[in-house]
Amino acid sequence: MSAPGPGLGRGPKQRDSKMRIRAFPMSMDEKYVNDIWQLLKNAIQEIQKKNNSGLSFEELYRNAYNMVLHKQGERLYTGLKEVVREHLVEKVRVDVVQSLHNNFLEALNIAWADHQTAMVMIRDILMYMDRVYVQQAHVGNVYDMGLILFRDEVVRSDPVREHLTATLLSMVACERKGEIVDRGAVKSACQMLMVLGVDEANHRSVYESDFERTFLKETAEFYQMESQRLLAENSASVYVLKVDVRIKEEAERAHHYLDPSTEEPVTRVVEQELISKHLHTVVEMENSGVVHMLKHERLGDLACTYTLFGRVKDGLQAIIACMSKHLREVGLAEVKEDATEAAAGGKNAITFIQSLLDLRDKYGRFLKEAFQGDVMFSRAIASDFEFFVNQNSKSPEYLSLYIDNKLKKGPQSLGEQDVENDLDRCMTLFRYLQEKDVFERYYKQHLAKRLLLNKSVSDDSEKNMISKLKTECGCQFTSKLEGMFKDMALSSSSMEQFRVHLSKTANALDGIDLSVRVLTTGCWPTQAQPSSCLVPSSALRAFECFKRFYLNCHSGRQLTLQPQMGSADLHAQFHPSKATREKAGSEASAGVSSVKKHILQVSTFQMCALTLFNTRDEWSFEELLQETSIPEKDLHRALQSLACGRPAQRILIKNPKSREIESSHTFRVNDEFQSKLYRVKVQAVTTRGESEPERRETRQKVDDDRKHEYPLSVALLAVPCCLVADLDSGCYD
């Protein structure tokens with residue numbers, strides 16, 4: 001039997017296993033469409049009325065799905081738009097308008113919240129239309145359409161739009177006056193305006209046009225009036241504090257219940273009206289402005305003004321301009337010499353520099369504590385100091401004298417740390433000097449005196465100061481100063497060798513204890529031509545002995561004596577008059593000698609003059625000048641110290657008794673000289689600095705150095721040196 005063919009067989013009929021999808025009909029009759037739409041319309045209206053508890057969202061979704069599927073999406077979308085518009089126009093807008101004068105903002109916010117809730121439910125029902133039809137037709141989605149309709153039909157309708165803006169502005173104005181307002185209602189309204197810009201490229205467009213622009217305009221008007229009131233009622237410092245409070249209030253208001261993006265523009269408006277437009281008025285306010293704060297060191301007020309004015313363009317420049325003008329006036333008053341000071345040869349160097357240092361410290365505190373170390377203020381202060389410090393041509397000399405005073409031994413010598421602090425302060429002024437080479441020449445002179453007269457308070461402090469100058473100006477600036485210290489060390493070594501030589505040769509140098517410093521010409525401020533002073537023969541023989549010894553050790557060198565830089569100890573005996581001896585008779589009866597003996601510490605010039613009184617009792621100035629060949633100005637200064645100085649140092653008596661010295665004036669030994677000290681140091685007559693002829697000479701030397709051209713190569717043929725001596729001579733009567 002043959003097998004059964006396909007589709008045939010005697011068994012039961014087999015079931016087809018393939019799944020077949022039946023296509024939905026591509027069209028719906030008009031009645032069916034109307035019925036579905038009516039059902040959806042009623043459901044939407046119930047949702048808007050908040051009667052949505054009995055609705056079947058599954059059934060509503062399926063009906064909306066069917067309409068879109070059967071190409072009825074446009075009808076559904078258009079119908080929805082009309083239903084929503086009708087509800088907004090006939091119900092919501094009417095309710096909002098009725099509440100214009102009775103809880104308007106609350107009613108609008110409630111209507112807005114209800115509308116958002118309804119549109120979320122409607123969007124969920126019509127979700128398929130959003131996914132299909134809206135994408136194909138390029139129209140706004142259901143939720144956005146509802147928001148746009150609420151904006152156009154409610155918020156921007158007459159008179160809601162104008163009343164909303166007026167209400168918001170009124171509530172802000174009330175709060176500015178200190179009243180309490182419903183911040184929550186204002187915040188909700190502002191958030192609504194932000195959301196309603198959904199269809200705009202700039203989502204803030206509705207918020208800006210319906211509220212922010214007018215708000216910023218009225219803010220400017222309010223603070224324009226407020227600034228006038230505050231300026232009329234308050235000082236500059238109080239005005240600054242109140243402006244700061246106002247700015248913080250506006251920023252806090254924008255942050256808490258306006259849109260946060262409003263904070264920046266409203267702050268700019270307040271700054272413009274309260275700060276920018278009144279910069280110079282506040283800064284220059286009489287008896288309370290920046291000058292007043294500077295004069296009375298009102299650091300807190302200056303700090304507040306700095307912080308506040310730093311918020312606006314050109315604010316800090318206004319403070320700087322006012323500060324600089326005042327600082328220059330004060331500085332010029334400090335450095336300018338009045339007629340009395342000019343006649344006396346200039347200002348007192350110590351008080352001059354001290355006043356500038358105090359002024360710099362004062363403005364240093366302003367810079368650090370009030371101006372937060374601002375670079376612009378730092379540069380302005382430096383520029384101002386540089387301006388007026390250099391208005392006085394004696395500033396380099398005065399600064400060197402001030403440093404000399406700090407580094408010199410004396411009854412008021414400071415500790416090393418105090419000296420270090422003072423030197424740091426002096427370096428600040430040094431940076432302002434334009435003629436640093438003038439300072440260098442004066443500093444070299446003063447350093448030489450400290451080293452040669454052994455007056456330095458500390459070698460470490462001296463070297464520390466040179467290190468500071470080297471750091472500031474480079475090694476070329478301090479090379480000669482460092483050479484001076486090297487010469488002092490080499491001189492000590494040479495003197496040790498000389499003393500060994502004297503002991504071997506049994507040379508007592510006529511009883512003179514000689515101490516010599518050999519100075520390299522060029523490093524020290526020695527005279528190009530040594531003084532023609534006639535040194536006493538015993539001292540001169542001692543000098544020649546050292547000279548022969550030194551040149552034997554160092555061939556090819558030259559030594560010249562510089563007496564103006566030396567010193568001497570003289571053993572002196574004074575013979576009081578008979579009346580003085582009778583007055584001290586009780587002491588004489590006790591075996592006390594009537595002859596007074598002292599050791600006088602004097603300069604080489606003073607030694608030369610005093611030893612002449614061993615030959616004659618009385619000498620005129622003219623005679624002393626001829627006998628000693630000391631330069632007139634140096635002899636004048638030496639005799640002033642001996643005859644016109646402190647009473648305890650008046651070795652000579654001048655006739656007539658006046659401070660000025662003329663050629664005919666005579667001098668004799670003060671036999672009545674008395675001092676509690678056995679060793680009497682005759683201090684040089686203090687001067688405020690160089691005399692005008694000396695200053696002109698120093699200036700000429702500086703100018704010559706500036707013009708000098710150094711050769712590319714130098715052949716060292718000989719090392720010329722200067723010889724400076726301290727000696728302990730015999731006594732004179």
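Residues numbered from 1 in each chain as written. Predicted model: local features only at pLDDT ≥ 70, side-chain atom pairs only at ≥ 80, totals over all residues. Heavy atoms only, no water.

### Description of the overall build of the chain
Here is step 1: Helix and strand counts for the chain stand at 31 helices and nine strands.
Here is step 2: Considering only intrachain contacts with a sequence separation of at least 6, the fraction spanning at least 24 residues in the chain is 76%.
Here is step 3: Within the structure as shown, the chain displays about 39400 Å² of accessible surface, and the carbon and sulfur contribution to it stands at 50%. (Helix = DSSP H or I, 4+ residues; strand = E, 2+ residues; numbered from the N terminus. Contact = heavy atoms within 4.5 Å. Areas by Shrake-Rupley, 256 points an atom, 1.4 Å probe, with all protein chains shown as cover.)

### Examining the pairing of strand 4 (residues 596–603)
Here is step 1: Of the pairings in the sheet, the one linking strand 3 (residues 567–574) to strand 4 comprises eight bridges and is antiparallel in character. Residue pairing in the sheet places Ala568 in a bridge with Val602 of strand 4.
Here is step 2: One ladder, built from three bridges, connects strand 4 with strand 8 (residues 679–681); its direction is parallel. Of the residues in strand 8, the one forming a bridge with Gln601 is Lys681. (Pairing = 2+ DSSP bridges.)

### With respect to a negative patch on the surface
Here is step 1: A cluster of like negative charges, contributed by Asp617, Glu618, Asp671 and Glu672, occupies part of the molecular surface.
Here is step 2: Inspection of the secondary structure assignment puts Glu672 in the loop between strand 7 (666–669) and strand 8. (Patch = residues over 30% accessible without salt bridge, like charges linked within 9 Å, V, L, I, M, F, W, Y side chains within 5 Å. Salt bridge = Lys/Arg side-chain N within 4 Å of Asp/Glu carboxyl O. Lys, Arg positive; Asp, Glu negative; His and termini not counted. Charge placed at Lys NZ, Arg CZ, Asp CG, Glu CD.)

### Observations concerning the side chain of Arg246
Here is step 1: Among the structural elements, Arg246 can be located in helix 11 (residues 236–256).
Here is step 2: Residue Arg246 is classed as buried on the basis of its relative accessible area, which comes to 13%.
Here is step 3: Reaching out from Arg246, the side chain makes a polar contact with the side chain of Glu226 at a distance of 3.0 Å.
Here is step 4: Beyond its immediate chain neighbours, meaning those up to four positions away, Arg246 contacts Arg176, Phe222, Tyr223, Glu226 and Leu274. (Buried < 20%, exposed > 50% of the residue type's maximum accessible area, 1.4 Å probe, protein only. Polar contact = N/O pair within 3.5 Å; in protein donor to acceptor, adjacent residues only side chain to side chain.)

### Description of unusual backbone geometry
Here is step 1: The omega angle of the peptide bond from Asp158 to Pro159 is 0°, so this bond is cis rather than trans.
Here is step 2: Residue placement: Pro159 occurs in the loop between helix 7 (142–155) and helix 8 (160–176).
Here is step 3: Residue Pro656 is reached from Asn655 by a cis peptide bond, and omega for that bond is 0°.
Here is step 4: Tracing the backbone through its elements, the reader meets Pro656 in the loop between strand 6 (652–655) and strand 7.
Here is step 5: Even without glycine at this site, Gln372 takes up a positive phi of about 55°.
Here is step 6: Position of Gln372 among the secondary structure elements: in the loop between helix 18 (349–370) and helix 19 (375–389).
Here is step 7: Classification of Gln372 by relative accessible area gives exposed; the value is 56%.
Here is step 8: Phi at Ser629 takes a positive value of approximately 60°, unusual for a residue other than glycine.
Here is step 9: Its location among the elements puts Ser629 in the loop between helix 29 (621–628) and helix 30 (632–643).

### A look at the sheet that holds strand 6
Here is step 1: Judged by pairing direction, the sheet is antiparallel, and its three strands sit side by side in the order 5-7-6 without closing on themselves. Strands with a single pairing partner mark the edges of an open sheet, and in this sheet they are strand 5 (618–620) and strand 6. The mean inter-strand angle of the sheet, taken between neighbouring strand axes irrespective of direction, is 25°.
Here is step 2: Both strand 6 and strand 7 contribute to a ladder of four bridges, which runs antiparallel. (Axes fitted to C-alpha atoms, helices over the stretch in contact; angles between N-to-C directions.)

### A few points about the pattern of salt bridges
Here is step 1: A complete count under the given rule lists 43 salt bridges for this structure.
Here is step 2: Between Arg183 and Glu175 there is a salt bridge, and its shortest N-O distance comes to 2.8 Å.
Here is step 3: When its relative accessible area of 27% is taken as the criterion, Arg183 is described as partly exposed.
Here is step 4: Using a relative accessible area of 14% as the deciding quantity, one classes Glu175 as buried.
Here is step 5: Ionic pairing is found between Lys408 and Asp404, a salt bridge with its closest N-O pair at 3.0 Å.
Here is step 6: With a relative accessible area of 7%, Asp404 lands in the buried category.

### Points about the confidence of the model for the chain
Here is step 1: Here the chain shows a mean pLDDT of 84. Residues at 70 or above account for 86%.
Here is step 2: The low-confidence segment residues 586–592 (pLDDT under 50) makes one contact with residues lying over four places distant or belonging to another chain.
Here is step 3: Counting contacts from residues 709–721, a segment whose pLDDT is below 50, to residues more than four positions away or on other chains yields 16 contacts. (pLDDT = per-residue confidence, 0-100.)

### Observations regarding the packing of helix 18 against helix 19
Here is step 1: Close contact between helix 18 and helix 19 brings their axes to 10 Å; oriented N to C, the two are set at 165°. Compared by their axis directions, helix 18 and helix 19 come out roughly antiparallel. The handedness of the crossing between helix 18 and helix 19 is right-handed. Residues Leu356, Leu359, Arg360, Tyr363 and Leu367 of helix 18 form the contact with helix 19, whose participating residues are Phe377, Ser378, Ile381, Phe385, Phe388 and Val389.
Here is step 2: For the contact of helix 18 with helix 19, a count of residues per class yields nine nonpolar, one polar and one charged. (Parallel < 35°, antiparallel > 145°, perpendicular 65-115°, else oblique. Left-handed = near helix turned anticlockwise from the far one by under 90°. Nonpolar A, V, L, I, M, F, W, Y, C, P; charged D, E, K, R; others polar.)

### Things to note about helix 7
An α-helix turns once per 3.6 residues; consequently, residues spaced three or four apart project the same way.
Here is step 1: Between its first and last C-alpha atoms helix 7 spans 19 Å; for 14 residues at 1.5 Å apiece the expected length is 20 Å, and the two agree.
Here is step 2: Burial of helix 7 is extensive: eleven of the 14 residues sit out of reach of the surface.
Here is step 3: Among all positions of helix 7, only Val142, Tyr143, Met145, Gly146, Leu147, Leu149, Phe150, Arg151, Glu153, Val154 and Val155 are buried.
Here is step 4: Check the buried side of helix 7 and you find it contacts helix 3 (73–98), helix 4 (104–125), helix 5 (127–131), helix 8, helix 9 (183–195) and helix 10 (205–233).
Here is step 5: If you check the start of helix 7, you find a side-chain oxygen 3.2 Å away from the backbone N of Tyr143, and it comes from Asn141. (Expected span 1.5 Å × (residues − 1).)

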